[in-house]
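# Observations on chain architecture
These are the residues of each chain, in order.
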Amino acid sequence: MWYSYPFRSIATLINNNNIHSEQQQEEEQEPMIDLTSQQHSSSTQKKKSHYSFDRIFLKRLYRLLQVLFRSTSNQDRFYSLSLKARQNSIFWLYIAFITISCGTEILYYYVGLMPSRFYGVLSSKDLPGFTRFIIPCIILVFGAAAGKSLLSFMGELFSLKIRRLLTQYVHDCYIKPKTLYSVVTSPNAPDNPDQRIAQDIDKFADALKGIVENLIIAPFLVAYYTWKCWAVTGFLGPFMIYGYFIVGSILSQMLIRPIVNAVFYKELAEGNFRFLHVRLRQFAEAIAFSRGECEEHTRAKESLNILLDNQRKVVNRELPLHLSNESFSYFGSILSYLIVAMPIFAGTFDDKDPSELSEIISKNSFFCMYLIFRFTVIIEQSVKLSDLAGYAARIGEVLEVIDDVDDELDHISVYHPIMGDLDDYDSSSILFENVELISPQGKQLVSNFNLEISNTDRVVILGPNGSGKSSLLRALAGLWHCSTGRIRIPKDILGKDFVFLPQIPYLIDGSLREQIMYPYNSSSMTVSDIQIRELLHQVQLSHLEEMIQSFDARFGEEWQKMLSPGEQQRLMFTRILYWKPRFAVLDEATSAMDTNSETHLYNILNDMNISIISISHHVNIIDYHNKIVTLDGLGGYKVDETSLSK
Ligand SMILES: Nc1ncnc2c1ncn2[C@@H]1O[C@H](COP(=O)(O)OP(=O)(O)OP(=O)(O)O)[C@@H](O)[C@H]1O
C-alpha cells in the first residue's frame, strides 16, 4: 500500500481553470473596485477579479440551479413525488409557489376590475346592483389579501429550502477528508469561506425568491395584458409600452454591471470585518497581556472604514439604477393615461354615455397600467439580479476552488487509513521509502528519507523550527504529497488505529462524552460514565466532573475557559486512552504540560504498548522513545537508536 505522486501546486490547476481564466481576460478590460489593506485574508496577496452580470454569472447560476433541481438517485427524478425527491429538489415547492402566484394574480385581476363596476352602478344610481356587488367585492378583497399573505409565506419556505439545499451541497463538497484541509490551505483559498457559506447563500436564496416571485409568471401576465390592452387601444398601446420597456431594460442593464462587482467586494469587506471581531474575542487575553487594545482599535477602525467605503460604493452605484427605475415607474402611469386617451380622442367611444365611458376608462386604464406595472416590476428586479450575481460569484468561487482541489486529489492515488485504499503491502509497519518533501514555497524539507516504524517502535522527531517535522506527519496522513518516494501503511489499519493529537487542542462544541469519542461519535458505541471517570483520573482531570455537572452537558467556547492549555492537552489524551490505537501521533501534543504530567502520560502510553510517533522540543520525553529522527532543516536527517531499543 503506498502513495506516490509528483507535488503539483494547486494554484497551477486553478489558474488553468476556464472560469478563472475568463475572469482574468475581463480583468484587463474593466476597472477594479478598490479594496486596500485587507488585514486577514489571503486574498490580499491576490490580484483582484472583476465580477459582473455576464456569461460567467450565468454559468454559476446554472450550476446552482442544477443543485436545486437535481435528482439524487436513479429511481427518483427531480419531479418525482416520492418523499426523497421532494426533500432533495425544489421542484414541487416551486410549482406550488408559481400556482399560488397565478391564483393570486387572477384575484388581483378581478380586484382591478372592481372600480369600473363601481363607476357603472354608482353613475347609474343602481342601488340593487350596488348591494348585489358589494358582498362579492368584500370576499374578493379578502381572497386577494389571503393570497398575498400565502404567497409571502410560500416565498419564505422557498427561500429556506434554497438555503438548505445549497448549504448541504456545499457542505457535502467541502467538509470531506482532505478536501477541507486542501481548500483551506490552498494558495487560491477563497476569502472568508465561512461567510460565503453561512451568509451569502442565505442572501442568494432571498434574492432568488424575489426574482422567482416577480419574474417567473411575468411572461404570461405580460402576454395576457398585452392582448387586453391591444383589444382596447389597438397595436399602438402595446407598441408604446414595449418600446418604453426596451429603453428601460437597456438602461438598467448598463447600470447593473458596476453594482455586481461592488456587491462582491462589499461582502468581502464584510467577511474581513467579522473575522477581525472573531479574532478579538479569540485572542482577548493575548491582546490584554500585550496591551494591544490601541493597535486593535486602529485596525478595527481601518477595517470598518474599508467596509463602509465598499458599502458606500454599492449605495452610490445603486442610486442611478433606483433613479432610472423610479422614473420608469412614475412615467409609466402618465403613459397609461396617454394610451387610454388615444381611442377617446379618436372618437372610438363617442356613442357611449358618461357612465359607460367612465366604466370603460377605468377598465382600460387598469389593463394598460397593469401591463406597465408588470414591466416596471421586471425592471425593478435588476437590483435583485445584480445582488444575485454578486452572491452567485461568491458561492461559485468556493465551489470552483473545491472542484480544482478535488481534481488534483483525483489525479493522485492518495492513501489514508480512514479511506481504506488498500494494496499489496501486508507488513504491520509504517514505511517511508526514499521520501522527498518540498514545501509549497519550494523549500526542500527532507530528501531520500527512509524509516520503518513497527508497531512496537516509539519514534521521536527532532529538529529546528521549520525543518519539516510536522510536514512529515502531514505526508503520513496523506495531506501533503511526496514529490518522490512513497509511504506504506499497514493494510489492516483502521481509522481508530491511528490517533493524531496536534499541538493546539481541538475541542469540539459538545459534551465531555463526545469530546472523548471524537471523531467517531455513534449511538451504537459509547463511553460509559465509569470509563469517563477512569479516563479523567488517568489524565489527572478528575476535578472536571464537578465543573461540568454532567458528562452530557454541552459546552462550546466554555471549554477554553474551563481548562488551561495544558489541561486541554491532557483532555486530548483521553482520546488515545479510550481508543487504544496502534499508532499515536503526537505533534507537540504535550508542549503546554508540566514535566510531571508529560512523563505520567508517556508512562501510561508505554504501559499500553501503543506505538508513538512524537514531535517535541522537550528533552525529558526523549527517553520514552527507541528511535530519534533528527532533521537538519536542509533536507538531511539522521536516525539514532536509544538504550530503550536494546
Ligand atoms: N500550509 C502551508 N503552506 C505553506 N507552507 C507551509 C505550510 N505548512 C508548512 N509550511 C512550510 O513548511 C515548512 C516546514 O513546516 P513544518 O510545520 O513542517 O515545520 P516544523 O519542523 O514542524 O516546525 P516547528 O518546530 O516550528 O513546529 C515551513 O517553512 C513552513 O513555512
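All values reported here derive from a predicted model rather than from experimental measurement.

Rules and cut-offs
- Residues numbered from 1 in each chain as written.
- Predicted model: local features only at pLDDT ≥ 70, side-chain atom pairs only at ≥ 80, totals over all residues.
- Heavy atoms only, no water.
- Core = buried A, V, L, I, M, F, W, Y, C linked by side-chain atoms within 4.5 Å.
- Buried < 20%, exposed > 50% of the residue type's maximum accessible area, 1.4 Å probe, protein only.
- Helix = DSSP H or I, 4+ residues; strand = E, 2+ residues; numbered from the N terminus.
- Contact = heavy atoms within 4.5 Å.
- UniProt positions renumbered as here; feature names shortened; annotations may be inferred.
- Pairing = 2+ DSSP bridges.
- Axes fitted to C-alpha atoms, helices over the stretch in contact; angles between N-to-C directions.
- Near = heavy atom within 4 Å.
- Polar contact = N/O pair within 3.5 Å; in protein donor to acceptor, adjacent residues only side chain to side chain.
- Areas by Shrake-Rupley, 256 points an atom, 1.4 Å probe, with all protein chains shown as cover.
- Nonpolar A, V, L, I, M, F, W, Y, C, P; charged D, E, K, R; others polar.
- Disulfide = S-S within 2.5 Å.
- Salt bridge = Lys/Arg side-chain N within 4 Å of Asp/Glu carboxyl O.

Moving on to the nonpolar core. When a protein is soluble and globular, its nonpolar side chains tend to lie buried together. Membership of the largest hydrophobic core comes to 70 residues, with the highest contact counts inside it found for Ile162 and Phe204. Taken together, the elements giving at least two residues each to this core come down to helix H3 (55-68), helix H5 (91-123), helix H6 (127-174), helix H8 (193-215), helix H9 (218-233), helix H10 (236-282), helix H12 (293-345) and helix H13 (354-410). Not counting residues up to four positions away in its chain, the partners in contact with Phe204 are Leu61, Leu64, Ile162, Leu166, Leu388, Tyr391, Ala392 and Ile395. Counting residues in each nonpolar core, the second largest holds 42 residues, with Leu501, Leu544, Trp579 and Tyr624 among its members.

Another point: the UniProt feature "transmembrane region" (unreviewed entry) in the protein chain. Taking the numbering used here, the UniProt-annotated feature "transmembrane region" (unreviewed entry) corresponds to residues 91-113, 133-154 and 239-256. A helix fraction of 100% and a strand fraction of 0% characterise residues 133-154, whose end C-alpha atoms lie 31 Å from each other. Within residues 239-256, the helical portion is 100% and the strand portion 0%, while the C-alpha atoms at the span's ends are 26 Å from each other.

Moving on, we come to the environment of Met593. Secondary-structure assignment places Met593 in the loop between strand E6 (583-587) and helix H20 (595-607). It is 7.3 Å that separates the C-alpha atoms of Met593 and Gln569, two residues lying 24 residues apart in sequence. Setting aside residues no more than four positions away along its own chain, Met593 makes contact with Gly566, Gln569, Arg570, Phe573, Glu598, Leu601 and His618.

Right, let's get into the sheet that holds strand E1 (residues 430-438). In spatial order, the strands read E2-E1-E4; together these three strands make up an open sheet with antiparallel pairing. With partners counted over all chains shown, the strands left at the sheet margins are strand E2 (444-453) and strand E4 (484-488), one partner each. In this sheet, adjacent strand axes meet at a mean angle of 20° when their direction is disregarded. Bridge count for E1 against E2 is six bridges, and the pairing is antiparallel. Residue pairing for E2: Val435 is matched across the bridge by Phe449. Where helix H14 (residues 469-476) meets the sheet, its contacts fall on E1, E2 and E4, and the angle it forms with E1 comes to roughly 120°.

Before going further, it helps to examine the site of the ligand. Around the ligand sit 17 residues in total, of which Gly466, Gly468, Lys469, Ser470 and Ser471 are the nearest. Within the backbone of Ser467, a nitrogen or oxygen atom sits 3.2 Å from an oxygen atom of the ligand. Contacts to the ligand include His617, whose side-chain N or O atom sits 3.2 Å from an oxygen atom. Look at the ligand: alone it shows 630 Å² of surface, and the protein chains cover 71% of it. If you tally residues by element for the shell around the ligand, the top one is H14, at four residues. A per-class count over the shell around the ligand returns four nonpolar, nine polar and four charged.

Time to look at the state of the cysteines. Inspection of every chain in the model, using the stated rule, returns zero disulfides. Cys229 takes part in no disulfide bond, and the closest cysteine sulfur to it belongs to Cys368, at a distance of 3.5 Å.

Counted under the stated rule, the structure contains 24 salt bridges. A salt bridge links Glu156 to Lys209; the nearest nitrogen and oxygen atoms lie 3.1 Å apart. Placement of the pair is Glu156 in helix H6 and Lys209 in helix H8, with a sequence separation of 53 residues. Between Arg196 and Glu397 there is a salt bridge, and its shortest N-O distance comes to 3.0 Å. Here Glu397 lies in helix H13 and Arg196 lies in helix H8, a separation of 201 residues in the sequence.

Attention now goes to the sheet that holds strand E3 (residues 458-462). Strand order in the open sheet made by the six strands is E5-E6-E7-E3-E8-E9, with mixed pairing throughout. If you trace the sheet from one side to the other, it starts and ends with strand E5 (498-501) and strand E9 (637-641), each paired once. With direction set aside, neighbouring strand axes in the sheet form an average angle of 15°. Judged from the four bridges that link them, E5 and E6 form a sheet pairing that is parallel.

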